[in-house]
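Listed below, chain by chain, are the residues.
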Amino acid sequence: MKIGVITFPGSLDDADARRAVRIAGGEPLALWHGDADLHSVDAVVIPGGFSYGDYLRAGAIARFAPVMGEVITAAKGGLPVLGICNGFQILTESHLLPGSMIQNDHRRFLCRDQVLRVENAATAWTNGFEADQEITVVLKNQDGQFVADRDTLDRLEGEGRVAFRYVGVNPNGSSRDIAGISNERGNVVGLMPHPEHAVEEGFGPGLDGRTVFTSVLEQVVSA
Amino acid sequence: MGRIVVDVMLKPEILDPQGQAVRGALPRLGLDQFTDVRQGKRFVLSVDGEVTETHLASAREAAETLLSNPVIEDVVNVHELTTDEPEQAPITGAGA
């Protein structure tokens, strides 16, 4: 069960994402942004960081990296793809997910343990959770405010495509407390907080993040 | 060498935290008459020779694909930078 993790210039959490995959029981495979080949992986993680220095807009330049052409095609064909933080931004810039991220409403970089509610436990990356389960993972970002027009937000809500919602505090002004969304098919998920930093005892706020990675392994096995 | 200017602004309904930060700083300089500030981006694209319609069409394509994100931003201006227009518009005083 191979899960590819893409490294762009400026990626920070690629090693943590590969470690999370390994701890969850999968085989991580490092993918390179300049290589237009997914090497037959069963799923892809686009990790957090500051791809291309976040120049232009967060995720904007990474969207045109050679590997992303392959990711976009494969995602449309049903390959599970998870974008975390900067990876979420890359997925919106790729138009695989709607909306966009702008700077936090308070304009500060934020790092905290964040409670989330799993709103949709039927996606490729959330099927190991119970619906409405509350989990705690790490949140750290500067451009984490999810925005979309009202029609898009209504459609996301109506189609059950809000995957994760902030609980207790909205850390960045995101529309309707949305922390993560999925595409229609549920194979592509983007979320702003970092489940890969909550997979191991003694590191991070707990082990809740591990279920994101075991979910996709389960999904791939049963597919 | 010809140059083409592309100006991109956040859509009016999108919060502009950078503009707000600037708006908050101006009164500290004693400039308290500005009720809002929006911060945009200007790109200057250079080409060999004179700017042609083909260059402008390519610049518009660049503006709509990479240089702006249509979800949050508007391309407000794509035009040739004429020789009498400096790359950075100078600050002109009252009556200038």
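Here, the structure is the one placed above.
What counts as what
Residues numbered from 1 in each chain as written. Chains lettered and ligands numbered in written order. Predicted model: local features only at pLDDT ≥ 70, side-chain atom pairs only at ≥ 80, totals over all residues. Heavy atoms only, no water. Pairing = 2+ DSSP bridges. Helix = DSSP H or I, 4+ residues; strand = E, 2+ residues; numbered from the N terminus. Axes fitted to C-alpha atoms, helices over the stretch in contact; angles between N-to-C directions.

Chemist: Is there a simple way to explain the sheet that holds strand S1 (residues 2–10) of chain B in this structure?
Modeler: Neighbouring strands of a sheet are bound in pairs by backbone hydrogen bonds; such pairs are parallel or else antiparallel. All names here are of chain B. Reading across from one edge, S2-S1-S3 is the order of the 3 strands in this open sheet, with antiparallel pairing throughout. Either end of the sheet is taken by a strand with one partner, and the two such strands are strand S2 (41–47) and strand S3 (73–81). Neighbour-to-neighbour, the strand axes of this sheet turn through a mean angle of 20°, independent of strand direction. The sheet contact formed by S1 and S3 spans 8 bridges and is antiparallel. Pairing of valine 6 across the sheet is with valine 78, part of S3.

Chemist: Quick question: what am I supposed to make of the sheet that holds strand S10 (residues 178–182) of chain A here?
Modeler: All names here are of chain A. Strand order in the open sheet formed by 9 strands is S2-S1-S3-S4-S11-S10-S9-S6-S7, and the pairing between neighbours is mixed. Lying at the two open borders of the sheet, with one neighbouring strand each, are strand S2 (27–32) and strand S7 (134–141). Adjacent strand axes in the sheet meet at a mean angle of 25° when their direction is disregarded. Sheet analysis places strand S9 (residues 162–166) next to S10, joined by 3 bridges and oriented antiparallel. If you follow phenylalanine 164 over to S10, its bridge partner there is glycine 180.

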